[in-house]
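Descriptive structure summary
Each chain, written out:
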Amino acid sequence: MVSFKMGPLSLLLLALCVAGVWSDEEQSAWASRQRRVRMDSGKNKEKKFSGRIVGGTELTEPLPYLLSLRDSGNHICGASIISAKHALSAAHCQSPPSDVERLSLLAGTVERTDDANGIVFLVEKVTTHAGFVQKTYLNDVAIIRITTSFLDHPSLAIIPIATEAYKLRVNSIATVSGWGLTAQDSNLAPTLRTVNIPITSFSKCVNKWRPVRIVRTAICAGHPGRDSCNGDSGGPLVQDGVQIGLVSWGADRCGSEYPGVYTYIGNDNIRKFIRENSDV
């Protein structure tokens, strides 16, 4: 078993450099929103884990519901279209919060920086769950409202989200997609990637991550060699055409034996928040 090397807040930032074209301020804004538990390499020091959508493939066509949340034009997190004017992402993607006038959403492209062929939406308001707890990632969810409408564009579409009645099936396959890092200490993926991962039972996840707490608003998914990673935060976890989760946090060495942790959309408290802050 790999041991944990925990700091005073338990959850530590993985300090990674992105491309040098960013200013120090922009780089800090991105890095400060990527939450990963640091793992002591110990006897596994020789192991190297990829830091991207691990084990996945590049997409050649955009996902109609998938968004890149951007601060000053730079990708910081993923998001998804859940209504004509609302997108879903993670609360920690706005902790610390950005000035709303700096935020935008990019849709309709597989290329992370393709403003010319993609569609850029201005953000009007961000609402994070009032019960979000930074230490444990309880209630890690946010609603983003745009100034126009996603449905003005026929190439975009709403993804249905799980209700409280959704039945999770252990070992069933879900899909996560995003522009996370292409390798540890490297750049964000230029092209959208996706990977299929199995749902892990809550008890197995709790036992695997102990003493790190897994909150009841979370579900776990992943397999050694298949995972989400830094830069994928807030992006959708999808099963049978329904969004069941969003990327919350995980191990700093993505693709390890520790499953990724996702906010569960079908949780009563999460679903109530979405209903009260959007037109879903």
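Analysis parameters
- Residues numbered from 1 in each chain as written.
- Predicted model: local features only at pLDDT ≥ 70, side-chain atom pairs only at ≥ 80, totals over all residues.
- Heavy atoms only, no water.
- UniProt positions renumbered as here; feature names shortened; annotations may be inferred.
- Pairing = 2+ DSSP bridges.
- Helix = DSSP H or I, 4+ residues; strand = E, 2+ residues; numbered from the N terminus.
- Axes fitted to C-alpha atoms, helices over the stretch in contact; angles between N-to-C directions.
- Disulfide = S-S within 2.5 Å.
- Buried < 20%, exposed > 50% of the residue type's maximum accessible area, 1.4 Å probe, protein only.
- Phe/Tyr/Trp six-rings, centres within 6.5 Å; stacked < 30°, edge-to-face > 60°.
- Salt bridge = Lys/Arg side-chain N within 4 Å of Asp/Glu carboxyl O.

Turning to the chain, the UniProt annotation filed under Sequence similarities (unreviewed entry) states: "Belongs to the peptidase S1 family. CLIP subfamily."

With that settled, consider the sheet that holds strand E7 (residues 103-107). Strand order in the closed barrel made by the six strands is E4-E5-E6-E9-E8-E7, with antiparallel pairing throughout. Within this sheet the neighbouring strands show an average axis-to-axis angle of 45°, counted without direction. Of the strand pairs in this sheet, strand E4 (residues 66-71) and E7 are connected by five bridges, and their pairing is antiparallel. Residue pairing in the sheet places Ser68 in a bridge with Leu106 of E7.

Backbone phi values are negative for most residues with the exception of glycine, while trans is the configuration of most peptide bonds. A cis geometry characterises the amide bond from Ser95 onward to Pro96, with omega recorded as 10°. Structurally, the position occupied by Pro96 is in the loop between strand E6 (86-89) and E7. Across the junction of Arg210 and Pro211, the peptide omega takes the value 15°, indicating a cis bond. Checked against the element boundaries, Pro211 lands in the loop between helix H2 (202-209) and strand E12 (218-221). With a phi close to 55°, Ser72 is a non-glycine residue in the positive phi region. Summarising the element assignment, Ser72 is placed in the loop between E4 and strand E5 (74-81).

With that out of the way, let us pick up the state of the cysteines. By the definition in use, this model includes two disulfides. Residue pairing for Cys77: its cysteine sulfur links by disulfide to Cys93, the two sulfurs lying 2.2 Å apart. On the sign convention where negative is left-handed, the bridge of Cys77 and Cys93, at about -95° about the S-S bond, is left-handed. Separated by 16 residues along the polypeptide, Cys77 in strand E5 and Cys93 in the loop between E6 and E7 bring together distant segments of the chain. For the pair Cys77 and Cys93, a shared accessibility class is recorded, and that class is buried. Shown here is the disulfide that connects Cys205 with Cys220, its sulfur atoms set 1.9 Å apart.

To continue, consider the packing of aromatic side chains. Per the stated rule, a full pass over the model turns up four aromatic pairs. With a centroid separation of 4.8 Å and 65° between ring planes, the pair formed by Phe121 and Phe150 is classed as edge-to-face. With Phe121 in strand E8 (residues 119-128) and Phe150 in the loop between strand E9 (142-146) and strand E10 (173-178), the pair connects residues that are 29 residues apart, well separated along the chain. As far as burial versus exposure is concerned, Phe121 and Phe150 are alike and both buried. Summarising the aromatic geometry, the rings of Trp209 and Tyr258 are spaced 5.0 Å apart at their centres and angled 50° between planes, so their arrangement reads as tilted. One end of the pair, Trp209, is in helix H2; the other, Tyr258, is in the loop between strand E14 (242-251) and strand E15 (260-264), and 49 residues separate them in sequence. Under the relative-accessibility criterion, Trp209 is labelled buried at 0%. Pairwise contacts between aromatic rings join Trp209, Trp249 and Tyr258 into one cluster.

In this section: the pattern of salt bridges. One pass over the structure, following the stated rule, counts six salt bridges. Across the pair Arg102 and Asp71 runs a salt bridge, and its minimum N-O distance is 2.7 Å. Of this pair, Arg102 sits in the loop between E6 and E7 while Asp71 is found in strand E4, placing the two residues 31 residues apart along the sequence. Residue classification places Arg102 among the partly exposed positions, given a relative accessible area of 27%. On the basis of relative accessible area, Asp71 is assigned to the buried category, the value being 5%. One salt bridge in this structure joins Arg169 and Asp240, with 3.0 Å as the shortest N-O distance. Of this pair, Arg169 sits in the loop between E9 and E10 while Asp240 sits in the loop between strand E13 (236-239) and E14, placing them 71 residues apart in sequence. Judged by relative accessible area, which is 65%, Asp240 ranks as exposed.

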